[in-house]
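Chain residues, written in single-letter form:
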Amino acid sequence: MATGYGTYNYSRSGYRRYDQNSYYVYGNTVRQTQAAPLRRPQTENRPARPKRTSRQVVKNRNRAMSISPAYALFLTVAAVCAVLVCVVYLNMQAGVISRSENVTALQEELADLTESNTTRYNAAANSVNMETVRDRAMNEMGMVYAAQGTVIEYNRPAGDYVKQYSDIPESGVLAKSSDASR
C-alpha cells in the first residue's frame, strides 16, 4: 500500500534532497507530515549572533512599555467610575426585584380579601329573606306602601343637595328666585 515512491529533486546548489510529499505508508493510518523550519547553516568559524537593535528602537520600546502618571490616573478614575456604575446598577436592580416581590404579595393579599369579601356578601345576601323583611316592616313597624297622592315631587334648586328646614309645600316649589328656575 504505497502512496508513492520517494523522489529526488535537484536544488539550486545541485545537491539531491528527499521530496517530503512522497513517502511509503505502512499500516492503516496515514501520518501527518510536518514541515521542518528553514535554517541557515552555521559554520564552525562563525557562531550565530543575535541581531543588535539600535538605541532608538530600545528607547521607543521602553517608552511604549511604561505608563505615564496622567494615563495611570485616567485609568484609575475610569475603573472607579465603572465600579460605581456597576454598584448603582445592582442597587437599582435589587430595588426593582424587591418592589416586584412586594407588588406580587399585595396582589395575592388583595385577591384573598376580595374572595373573602365576596363570600361574606353572598352569605349575607342569602341570609336575608325579602318576604320576612316586608312582613316585619308592615306588621311590626306599621309601614305601608305609598298610595296615589302621598308622594310629592318638587323642583330641586340648583345646588347639589337640599337642606330641609321646614315641610315641603304642596305645590312642590321651594323658592321663587331666579336661581331656582334654571
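Residue numbers here run from 1 along each chain, matching the order of that chain's written sequence. Selection of residues for local features in this predicted model requires a pLDDT of at least 70, selection of side-chain atom pairs for listing and counting requires 80 or more, and totals for whole chains, interfaces and linings are taken over all residues. The basis for every side-chain value is the complete set of heavy atoms in the structure, and neither hydrogens nor water enter the calculation.

### A look at the overall build of the protein chain
Which entries qualify depends on this criterion: Secondary structure elements are taken from DSSP: a helix is a run of H or I of four residues or more, a strand is a run of E of two residues or more, and numbering for both begins at the N terminus. Should any heavy atoms of two residues lie within 4.5 Å, those residues are counted as being in contact. Surface exposure here means Shrake-Rupley accessible area, sampled with a 1.4 Å probe, where a residue is shielded only by the protein chains that are shown.
Summing up its helical and strand segments, the protein chain has three helices and two strands in all. Secondary structure elements of the protein chain, listed N to C terminal, follow the sequence β-β-α-α-α. Look at the contacts in the protein chain between residues 6 or more apart in sequence, and 2% of them connect residues 24 or more apart. Just so you have it, the protein chain exposes about 18500 Å², and 55% of that area is on carbon and sulfur atoms.

### Here's the deal with a nonpolar patch on the surface
This is how it is decided: Here, patches come from residues exposed beyond 30% relative accessible area and free of salt bridges, joined within 9 Å for like charges and within 5 Å for nonpolar side chains (Val, Leu, Ile, Met, Phe, Trp, Tyr). Take a side-chain nitrogen of Lys or Arg and a carboxyl oxygen of Asp or Glu: if they are within 4 Å of each other, that pair is a salt bridge. Here's how the labels work: a residue is buried when its accessible area is under 20% of the maximum for its type, exposed when over 50%, partly exposed in between, all with a 1.4 Å probe on protein chains only.
Residues Ile-67, Tyr-71, Phe-74 and Leu-75 make up a contiguous nonpolar surface patch of roughly 430 Å² in combined accessible area. Along the polypeptide, Ile-67 turns up in the loop between helix 1 (55-65) and helix 2 (69-127). Note on Ile-67: relative accessible area 54%, which makes it exposed.

### Description of the pattern of salt bridges
Once the charged atoms of two side chains with opposite charge are near each other, the side chains can pair. Taken as a whole, this structure holds two salt bridges when the rule is applied. One salt bridge in this structure joins Glu-131 and Arg-134, with 2.7 Å as the shortest N-O distance. Note that Glu-131 and Arg-134 are positioned in helix 3 (residues 130-139) at a spacing of three residues, about one turn of the helix. Between Arg-136 and Glu-140 there is a salt bridge whose closest N-O contact spans 3.0 Å. Residue Arg-136 is classed as partly exposed on the basis of its relative accessible area, which comes to 48%.

### Description of the confidence of the model for the protein chain
Stated precisely, the cut-off is as follows: Values of pLDDT, which run from 0 to 100, indicate the predictor's confidence residue by residue.
Of the residues in the protein chain, 62% have a pLDDT of 70 or more, and the chain-wide mean is 77. Counted against residues more than four places away or in other chains, residues 6-18, with its pLDDT under 50, gives 16 contacts. Below pLDDT 50 for its whole length, residues 178-182 participates in two contacts with residues either more than four positions away or in separate chains.

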